[in-house]
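Chain by chain, the residues:
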Amino acid sequence: MQRRTFLALAAWLVGTTSLTRATVIHNHVPWSPHPNSPPEIERLGPWQFFTLDEARAMEAIVDRIIPPDAETPGGKIAGCAVFIDRQLKGPYGSNQGLYTLGPHTKGTKQQGPQSALTHAELYRTALAALDKHCKSTQGGKSFAELDAAAQDDVLRKIESGEVKFDRVDAQGFFSALLKDVPEGFFSDPIHGGNNDMVGWKMIGFPGIRYDYRDWVNRHNERYPYPPVSIAGRADWTPAKS
Amino acid sequence: MARKLPRKDVVIIGLGWTGSIMAYELADAGLDVIAIERGPWRNTATDYPPGYAADELRYRIRHELFLSPSQTTFTFRNKMSEAALPIRSWGAFMPPNGVGGGGVHWNAETWRFLPSDFVLKTHLTERYGAGFLPDDMTIQDWGVTYDELEPHYDRFEYLCGTSGQAGNIKGKIMEGGNPFEGPRSRAYPNPPQDQPFGHTLFGKAARELGYKPFPQPSGNMSRPYQNPLGIRLGPCTYCGFCEWFGCGNYSKASPQTTVLPALVRKPNFTARDNSEVTRINVDSSGKRATGVTLVDASGDEWEQPADLVVLSAYTIFNVQLLLLSGIGKAYDPAANTGVIGRNFTHQTISDVVSFFDPAKFVFNPFIASGAIGMCIDEFNGDNFDHGPHGFVGGGYMGNVQTNGRPIETTPVPPGTPLWGAEWKKAVKENYQSAIKPGTGVHGSMYSYRDVYVDLDPTYKDRFNRPLARITMDFHDNEIKQNKFLTDKFAEIFQAMGARQVHKEYRKAPYDITKYQTTHLCGGAIMGTDPSTSALNRYLQSWDVPNLFVTGASAFPQNAGYNPTGTVAALAYWAADAIRSKYLNNPGQLINA
């Protein structure tokens, strides 16, 4: 950040564009030749939020929410658990930017969620409760150790409200999954999910191409070009040999 | 203790669409103007370049360009008997933040209201009789007419380079345009945008059903355009990342692409960003504003003295700041007295999602602009006889689908499970062959005695000021209106050949978690009587004549259109009154 201009007006330093600092703009457009807030790109690597037990459960869950089929991988290969891991480690996990002041009172459905739990706390508490529930009802097996049919059965019972957790709203956890898992499947791969743009390829979404002037008048013709991510595409940057 | 800044002729609170227009007009009149903006300065190339502007998670889902509820939010309840609770993350509407305001991330749907909308109470009473209106409905005339606003609508459309097809030029009905619109003095500055397949199909089906479809007036450029301030915009590329996003192409009309580059070159204009006005100061008489108090991002407090104050924040923040500053009498719904907070409204939106045969229809839903679409206006305002239907109001309707972004727009037929193999299969099968207009039925919401804004008794913002409290529910009139319009809308999709048409009616109770539009209106309304309005016909405060309040907070009730065209026209109208009347003789412009 350059600091250069001095304004007698308020004896304030004037910076270039800033998202967080108060500035005085006078006689010029605040300008920097660089992006103000370029995207953060999530990399593969160790879990950043989940413990190994939590990660095993999450990889099993995302593969039941979005199961693999003959043409398209499921949530696990697509990276949905990695996506959620990175989200929970970041501002989403800590409810940064949301209104978090109390009192926290349960209201009507149309007043919206009022829980004092952060998203990170919700996942941590609910995943522990999920394994505890499975171990006590499924012969000592954790969720990840169940077969797919048994996993679906547990998830369906959470969805319907039949299975409840002690310290956390099980249905609220399931609602968070139904939001967060598809986001991992369909958001730009820079966020850690949608590996190799499998979610986009499945439906035919071309990503961030940003210019369809050549196709807007080609009615009822399938758009032919493959998707592009904010990070480009694997075949643009061949692996170094 | 606040430190004092040098006096200015004008202080403007909020540098969005109307703040930018007022700043330009008043600086152009030679006044020394400062604008104070709560959020950051934003530029196209530095803040949302094409290389990463199209990030659905970051901007659509995590709301990066919007106000954070941690900065401030509102509380909400349906009924006066309930305890209001805070909106912890945004749902029904999305308050903007930063220079450019909602103009950065709007869709650029640029409508005019109908002539009858501005004289609504008089018009409906004359046509149907006073008994036709519900007892607790509090609709009013605006105090300004369509004919008076026409030149100002025109100025805004030429500022923006609006793309569209005129339907009525000086009384002559034009083929292909909206025949119901008020007479305009000339054509739009740019021709309509091209229409993708699904939108074209809607227009064709509507025409075959006897309607008069027309392209939605769009602030997305159909061709390169240079506006009257000498600022150039580029053609829209139909990228499908418009609403909720900044435009990386300089193709969407916004303060950044139409006003600010010319405004910042004026030596008598200054802006201060990341600074929040916490109070409008008045002198001991309570009849004269002396300036504002603001807090910057470092937490330092400043006083900015000024001769004229323009309050041009987002609707509900205008109302909140008036209440916190003790300007005007607060509305009391029980006693039916006071004006600040009354006639608060939103919108009555519904949608119809249609599923077509994937073997025959490929819509490429990702090819779209923010204000794309074909619309009909047969069921808006009082364009049809309401007598047999038992409700008033209406809205335009159209296939105005703006995107195929996959987190938001992967519709599946009703009855599909919410997860698992069946869900995945349905997403894949229907993505290319479903139509989900989003805000397909754009219905009006009229005003009621028990729908209003006041200050919350419990919840506070980060400065320990009371949050604004919204009390709002849908009334039977709007529910009936929505049922009628949604059914009519669905018939058009049937005629297009959809194999399944799913109507998503808007139902009571009003739900703060379900997005409709960001068109909150009212709370500091204009009118002809100081006992039922906060502002006179020039947006001047009845109580503090050196205070003008712009924005949709001035709407006595909301019409069946997007509000920005009318919001901007009113800003030009008020700026014109200040320049031509107020400056010569500063004082109350209307003797009530």
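Small disclaimer: the values here were computed from a predicted structure and weren't measured.

*Asks:* For the nonpolar core, give the residues involved together with the corresponding values.
*Replies:* In this structure, M58(A), Y123(A), F165(A), F93(B) and I280(B) are the most contacted members of the largest nonpolar core, which totals 205 residues. Among the elements that take part in this core, helix α13 (residues 564-582) of chain B stands out by supplying 12 residues, more than any other. Among all residues touching I280(B), those that are not within four sequence positions of it are I13(B), A289(B), G291(B), V292(B), V309(B), L311(B), L321(B), S325(B), I327(B) and L547(B). In terms of nonpolar packing, the next biggest core, distinct from the first, is built from 27 residues, Y211(B), F379(B), F384(B) and A498(B) among them.

*Asks:* Residues and numbers for the packing of helix α4 (residues 119-137) of chain A against helix α6 (residues 170-186) of chain A, please.
*Replies:* Helix packing for two helices is described by the angle between their axes and how far apart those axes are. All names here are of chain A. Interhelical geometry of α4 versus α6 gives an angle of 115° and a closest axis separation of 10 Å. With respect to the hand of their crossing, α4 and α6 are arranged in left-handed fashion. Between α4 and α6, the contacting residues are L122, Y123, A126 and L127 on the first element and G172, F173, A176, L177 and D180 on the second. Of the residues belonging to the contact of α4 with α6, the class tally is seven nonpolar, one polar and one charged.

*Asks:* Quick rundown of α4(A)? Include the residues and the values.
*Replies:* Residue and element names in this part refer to chain A. End to end, α4 covers 27 Å across 19 residues, agreeing with the expected 27 Å (1.5 Å per residue, within 8%). For α4, every residue scored as buried is listed here: H119, A120, L122, Y123, T125, A126, L127, A129, L130, D131, H133 and C134. Taken together, the buried residues of α4 touch α1 (52-65), α3 (80-89), α5 (148-160) and α6. Directly beyond the C-terminal end of α4, a positive phi value near 65° is found at G139.

*Asks:* Before we move on, could you go through the interface of chain B and chain A and cite the residues and values that matter?
*Replies:* With 94 residues of chain B at the contact, the number on the chain A side is 90 residues. Between chain B and chain A lies a buried interface of about 7,500 Å² when both sides are counted; carbon and sulfur atoms form 60% of it. Ranking the residues of chain B by area buried against chain A places R88(B), W419(B) and K424(B) at the top, with a combined share of 13%. Counting across the interface, chain B meets chain A through four salt bridges.

*Asks:* Describe in detail the state of the cysteines, supporting the description with residues and values.
*Replies:* Residues and elements named next belong to chain B. Inspection of every chain in the model, using the stated rule, returns zero disulfides over all chains. The thiol of C242 is unpaired, and the distance to the nearest cysteine sulfur, on C247, comes to 6.5 Å. A residue is classified by how much of its surface remains accessible, and C242, at 9% relative accessible area, is buried.

*Asks:* So, the pairing of strand β20 (residues 452-460) of chain B: which residues are in play, and what are the values?
*Replies:* Residues and elements named next belong to chain B. Relative to strand β21 (residues 466-471), β20 runs antiparallel, the two being bridged by five bridges. Residue pairing across strands places Y452 opposite T471, the latter belonging to β21. Taking the residues that link successive antiparallel strands as the turn, the β20-β21 hairpin has five residues, and the phi of N464 there is positive, at about 65°.

Here is what the cut-offs are and how they apply
- Residues numbered from 1 in each chain as written.
- Chains lettered and ligands numbered in written order.
- Predicted model: local features only at pLDDT ≥ 70, side-chain atom pairs only at ≥ 80, totals over all residues.
- Heavy atoms only, no water.
- Core = buried A, V, L, I, M, F, W, Y, C linked by side-chain atoms within 4.5 Å.
- Buried < 20%, exposed > 50% of the residue type's maximum accessible area, 1.4 Å probe, protein only.
- Helix = DSSP H or I, 4+ residues; strand = E, 2+ residues; numbered from the N terminus.
- Contact = heavy atoms within 4.5 Å.
- Axes fitted to C-alpha atoms, helices over the stretch in contact; angles between N-to-C directions.
- Left-handed = near helix turned anticlockwise from the far one by under 90°.
- Nonpolar A, V, L, I, M, F, W, Y, C, P; charged D, E, K, R; others polar.
- Expected span 1.5 Å × (residues − 1).
- Buried area = accessible area lost by both parts, 1.4 Å probe.
- Salt bridge = Lys/Arg side-chain N within 4 Å of Asp/Glu carboxyl O.
- Disulfide = S-S within 2.5 Å.
- Pairing = 2+ DSSP bridges.

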